[in-house]
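Each chain, letter by letter, is given below.
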Amino acid sequence: MAIGVTTGGGEALAKEKHKDIVNVSHRGASGYAPEHTLVSYQMGEKMHGDYIEIDLQMTKDGQLIAMHDEKLDRTTNGTGLVKDYTLAEIKQLDAGSWFNEKYPESANPNYEGLQVPTLEEVFKKFGKNARYYIETKSPETYPGMEKELLRLIDKYDINKKSLLIQSFSPQSLKIMNELDPSVKLVQLISYKNYAVITDDEIAAIKEYAMGVGPNHTYLNEEYVQKVVNSGLELHPYTVNDKDRMKQLIDWGVTGMFTNFPDKLHEVKKGK
């Protein structure tokens, strides 16, 4: 097969590389709206995010809700652990006003009184063909979380071809894999200094997952190349600076999480 070589091919390849990067709206467009609210998820879609990222916690009565922390304190006017409250109690809370207080430059009176959404509400709102990137948070705190997640995925006929499930817990991902091997999984990793991954670690992850999600702070080009050349996807978190986005794309990442999906969209368009 003939391969055409033209001048400027490298530049064209770089542009293609930028175009294919997966743009994950981290907790929605959480740089502009209260994280893990329907408003934030909608904004992420408008800003050309490819995926709605949803962190899951579980209520006292076994309902899956969208929330990053195990505690209610940071993102609502409630206090204490999610697992100690029923869904009805959590629905009484204000999940938006904190954002206006913390980020006055992005404050909006419409954010006051926003509710914590359930996973079911997110599925109903965005439909079966939206692209969901769901994290099982603290799964050791919520036995049965994976089973309930899959039940809802099946109930709402969510498109599994585009669905991604991630977790820091290899155990949780392995449970997901056993329950439904067709679901694509991503192993989250947190590095505290210079990121290194061994061939054995890559082989172990490939047993159940199709990608890894490390924090971007300590990544280096060697790491990125090693992971991507092994056949794994690489979606670092949480990248909010355009120069860093460009650097990571040049190194070869296949996607990334950002609180500002509009910024990554601009980078992908060469701006």
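Up top you'll find the structure we're talking about.
Residues numbered from 1 in each chain as written. Predicted model: local features only at pLDDT ≥ 70, side-chain atom pairs only at ≥ 80, totals over all residues. Heavy atoms only, no water.

Draft legend 1. Molecular detail of the pattern of salt bridges. Applying the stated criterion across every chain yields a total of 14 salt bridges. Linking E121 and K91 is a salt bridge whose minimum nitrogen-to-oxygen distance equals 2.7 Å. Linking E121 in helix α5 (residues 119-126) with K91 in helix α3 (residues 87-91), this pair joins segments that are 30 residues apart in sequence. Exposure remark for K91: the relative accessible area of 17% places this residue in the buried category. (Salt bridge = Lys/Arg side-chain N within 4 Å of Asp/Glu carboxyl O. Helix = DSSP H or I, 4+ residues; strand = E, 2+ residues; numbered from the N terminus. Buried < 20%, exposed > 50% of the residue type's maximum accessible area, 1.4 Å probe, protein only.)

Draft legend 2. Representation of unusual backbone geometry in the model. Here Y237 and T238 are connected by a cis peptide whose omega angle stands at -25°. Tracing the sequence through the fold places T238 in the loop between β8 (233-234) and α10 (242-251). A positive phi angle, near 70°, is found at H48, a position not held by glycine. Mapping H48 onto the fold places it in the loop between α2 (38-46) and β2 (51-58). Judged by its relative accessible area of 44%, H48 falls in the partly exposed class. Residues other than glycine seldom take positive phi values, yet S138 does so here, at roughly 40°. By relative accessible area, S138 is classed as buried at 15%.

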